[in-house]
Structure formats: C-alpha cells, structure tokens
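Here are the chains, one letter per residue:
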Amino acid sequence: MTDEPYRYVEAMANRREYVENQLATGSPIVALSYDGGVLFLTVGPERQKVFEIYDRIALGALGHPGDIERLRMIAIEVASTEGFTRSPADVSLRRLTSYSFSPMLKNAFEQVYGPPLLARLLFAELGWKHEPDLFVRLDFDGSLQTSGVGVAREPFGVLAGTRRAMNEMHDFLKTKDLSEPKLSAALELAAQAWGVGTYYSRGEDHREKPTDESISGVLKDALKRNVFEAAVLECGAPEHHAYRPLDSSEVEAVTARYRGSD
Amino acid sequence: MNLAGCEPERAQIAGDFVEALSRNGVTFQPTLPSSGASEFVQTQATTILAFKYEDGVLIAGDRRATAGNIVVYERADKVLEIDRHSVMAIAGVPATAWEMARVLEHSFHFYRRTQMQEMSVDGKVRALSKLLRDNFGFAMQGIGVVVPLFATFDDKFEHGGRLYFYDVMGAQFEVADFAASGSGSPAVKAILHYESQWGKKPLAGRSEKEAVSLALRALETAAESDTATGGVDRRSHVYPVIKTITKAGVETVSEKTLASIYEKGMP
C-alpha cells in the first residue's frame, strides 16, 4: 500500500476519521494551576480518568479504557525506570512526552495494519519552586501541544473529544483571570471550562458562544448522572506524594452549585 | 528514556518494579565474582535497634561506618525512610543495603502508582525478604551481607506498630517488643530486655521522650565496648539517627531534641 501514495493518504485519512469519531464523545478534562499546585477536573461516572504518573507528574486521559491503561502503564514505567537509574530529579515531562510518547504514538498511528491507540492524553508537571507548571497535550497521532515556554506559558491545559471543543475551552480560559487562584476559585473555573467543552462536544453546530446560563445548564444536566472527579498535584506535599485525589467533601461547594433542584 | 520492551501485557506480576526494571534492561545487581571475593575489607555499618513505644515504633542507628579497624565515616545514615509509614534500618554492607533500600522505595511507589492502591504491610515485608534472598549468593561468598530491621505502621492492629528483623537468607521474624542488629547489638539487646522485663514501665508504655532517651543510652552503652559503634559524639554534634513511625507517618527526631534529651537524661 505504501508504494501507492494515493492509497496511503486515503488510508491515513480514513484512520484519522475513525479514531476521531471514537474519541468525539469523551468527557473533557481541565488542568489548571492554582495557588497551591495543579488541579485536574472532569465529570463522569465512577470510572477514573485522572492518574498519578510520577513524583510531580499527573495524567488525564480520554478514549478507550484499554488503551488509556496501556499508555498509563508505559508512562509510569518509563518515568520510574529513569527515576531509579538516574534520580527522580531527572524525570521531566518534556523528555517523557517529546522523546518517548510522541514518536511511539505516531508510530502506532501510522502502522496501518495494526490497531490504532484510541486515546488522547493531557499531562501536567508541577513546576519547581518559582518555575511555572507545564501542561502537555498528546494526540493519538503523536502531535504534541505544550502550554508554551517562558513567561508566555499558559497556566492551564485542556482535553476534549473534538478539536472544536478544545479550542473553545482554551479560548474560554484565556479570557479569565488565572493569576494563582485559590483552589475553590480554580474548581469553579475548571467546572465552567468543562461545561464549555461539553457544550461543543455534543455535536451541534453552535455558532454563538455559550452563555453563563447554558454553561451551568450543561453542568446541572451532567451532574444528574455523574460526579466531579478532581485531583491535585500539591506544592509542599511530602516527597513523592504530590498527587492526591480530592474527596467528595473537597468538591462539595462546586457540586452544590450545580446540583440545584431546577 | 527508551520505550523498547515497555509492553505491559508481558508483565507477569502486576506492579512488580524489579520485573519492570529487568524488562527495560536495567540490572541493579553486579555479577557474582568467581573467586577471591572475601579477601578485601568491606565497609560495614552497625548498630541498629528498634522497639515499640506508646505511639508506634522507634527505630535508631549510630552513625559510624567501618572497614576492618578503620573508621570510614562518622555520619553514615543507617535508618532509611522507605515510604510515609515504613523505615528500613541497616546493619552490614552499605553498598548493598542502600541499593536494597532504593529498590524497595521505588517498588512501593511503583506499586502504588500502577495498581492505584497501597501495598499491604505483608507485601512490603515480603518484598524486602525477596531482595535478601536474591542477594544470598553474594552473602555466601562473604560479600554484601546485610541484616536489616524493618518497621512500619498498620492501622488494622491494636498497637499499629509492626516490627521485623531478618536473617541473611531473608527469613523474616516479627517481634512483639524490640529488635537489634549489628556488632553492638548484644549490649543493646541486653539493655532492652532488662528494661522491658524489670524497668519502671514496659517499653510499649513509654512516651516518645522516654523512648528516645532509652535509645540514646542503649547506643552509648554499645559504643562503650564495640569500636564499630559510634554512640554520641557531643563535641562534633554527631547524634544517632532516630526516627519514629506513628499513625501520622515517619518523623525524624531533630538533633536539637536529641541534644536536650541526652543532656537532661531519663525524665
């Protein structure tokens, strides 16, 4: 097939369309810096979608549970092996994603005869002391998007089933004041960004930006059957234990707001 | 960072870090020398002790490392925090023991991250036993002999503290009250036995302060007759390393506290 260029291009396009259709209905995930670290938030049934990878690295993923599991295991294994043979300080998200994950995902996607990996990943790494946190999104084809470098680095990362939803979530968070919010404010912002993503993920061709009412409508609707899943990478936590899932009491305030009777 | 061989489907035991390492081509054990191994003088670490007190387990070690009759180092740390609720103390060859501690620490984190639950206390105790057994070939040749203590805290038990000592082959022995290892251990064991039988209070009824005081005195006594044990060096401010393991986790007793307790004597 590869010696027939047209058929190759066609095969890749079909494959891309197939994977994108599979991912389209995934629940968005938002990762956001707050004054005490990094917050991950999503909404869903009980299935876990945010995971601890290493001392300062966490992962949020959407897609097929089997593929997510495989990628999660690889991430932990690569980081742990590096951390053991060199030192935990040598494990970096930049190296993990650009040297290990991106080429591997690209490879898996382009091997037309093998099954593609149905997953999209959002990694976050807690910054050292005065360094900003880093967010990296990896798509099923190995393409990689970071939250930027230096002072222009954005303090958040987003993940959703469709490209449109991700762009809209990004634009939504861009307009907000994100200078080190408290955890409670970060939870609220992340919930709203999730609402924006879901608003666009549902397939309708929205021409207008969602209003505050339609965002909270999306959230209220989702929370009838689902729960918030949130986790943090905390600055100043005991060594090796920066990652911590938030329990339901810690997200109660934001849950209560969208669990109204109306 | 290499992904070759990172296929989790091939994992035989879920969450086993040592297996993950070998799958990735990392070996942490050197190859066994064929002869002449026991000719050279190895660095040795002694003396360690641990006992249960009111809030949990206290675990302590002197700071001296020796090779034959040479003092190699006066600030060695033989009491190593493995995770938030477990500590391994080492007597024997630090080169092997520190590496075992490192493997153990990484194994527990690896298990927690991959399996998304904490490893059970029994699982942790077994993990160290397995490392010792893997080292037995070396120990037989007289190199890298390690005789550790392992202490942890388990909420499921009435007195949460759990304490184990090991032999060279990796058999683990759980103890009810105290354990000691290393060249200064006969003196330490005698003191702890005397104190628990005929002391004012049983060891498990003592406060942290009383426990720290007893540990310091036991190590001082061991140092009195054993040149390989460091004891307390007040002039250079070298105190033993003492850690406590309680429900709240592992805490290191600060040098300041050690100094003040040592000077005041038993309260």
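Residues numbered from 1 in each chain as written. Chains lettered and ligands numbered in written order. Predicted model: local features only at pLDDT ≥ 70, side-chain atom pairs only at ≥ 80, totals over all residues.

What follows deals with the overall build of chain B. Across its full length, chain B carries 7 helices and 13 strands. Rg of the C-alpha trace for chain B: 19 Å, near the compact-globule value of 18 Å for 267 residues, within the 12% margin. Across its three principal directions, the C-alpha atoms of chain B cover 60 × 45 × 30 Å. Relative to its full complement of 267 residues, chain B shows a buried share of 47%. Expressed as a percentage of contacts within chain B between residues at least 6 apart in sequence, the contacts between residues at least 24 apart total 67%. (Helix = DSSP H or I, 4+ residues; strand = E, 2+ residues; numbered from the N terminus. Rg over C-alpha atoms; globule rule 2.2 N^0.38 Å. Buried ≥ 20, exposed ≤ 12 C-beta atoms within 10 Å, placed from the backbone. Contact = placed C-beta atoms within 7 Å.)

For the rest of this paragraph, the subject is the confidence of the model for chain B. Should pLDDT be low for a region, the predicted coordinates there are not to be read in detail. Residues and elements named next belong to chain B. Summary statistics for chain B give a mean pLDDT of 89 and a share of 92% for residues scoring 70 or more. A low-confidence stretch, residues 1-6 (pLDDT under 50), is modelled with 17 contacts involving residues beyond four sequence positions or located in other chains. Two numbers describe this predicted complex: its pTM, 0.91, and its ipTM, 0.93. (pLDDT = per-residue confidence, 0-100.)

We now examine the interface of chain A and chain B. On the chain B side, the residues contacting the 22 residues of chain A number 15 residues. Of all the secondary-structure elements, those providing two or more residues to the side of chain A that touches chain B are β3 (50-54), α2 (65-85) and α3 (93-110) of chain A. Element by element, the count of residues in the side of chain A that touches chain B is highest for α2 of chain A, at 12 residues. Among the residues forming the side of chain A that touches chain B, the class breakdown is 10 nonpolar, 7 polar and 5 charged. (Nonpolar A, V, L, I, M, F, W, Y, C, P; charged D, E, K, R; others polar.)

Residues and elements named next belong to chain A. In terms of burial, β3 is a largely internal element, 5 of the 5 residues being buried. By the bridge criterion, 4 bridges tie β3 to strand β4 (residues 57-63) in an arrangement that is antiparallel. Its bridge partner being in β4, Glu52 is matched across the sheet by Ala58. Linking β3 to β4, which pair antiparallel, is a turn of 2 residues. (Pairing = 2+ DSSP bridges.)

A separate point is the sheet that holds strand β6 (residues 134-138) of chain A. Residue and element names in this part refer to chain A. Taken together, the 5 strands give an open sheet; going across it, the order is β3-β4-β5-β6-β7, and neighbouring strands pair in antiparallel fashion. With partners counted over all chains shown, the strands left at the sheet margins are β3 and β7 (144-146), one partner each. The mean inter-strand angle of the sheet, taken between neighbouring strand axes irrespective of direction, is 20°. Alignment of β4 against strand β5 (residues 119-125), held across 7 bridges, turns out to be antiparallel. Its bridge partner being in β5, Gly60 is matched across the sheet by Leu122. (Axes fitted to C-alpha atoms, helices over the stretch in contact; angles between N-to-C directions.)

This brings us to unusual backbone geometry. Residues other than glycine seldom take positive phi values, yet Glu180 of chain A does so here, at roughly 45°. Here Glu180 of chain A shows up in the loop between α4 (163-174) and α5 (183-201). One non-glycine residue, His237 of chain B, adopts positive backbone phi at about 55°.

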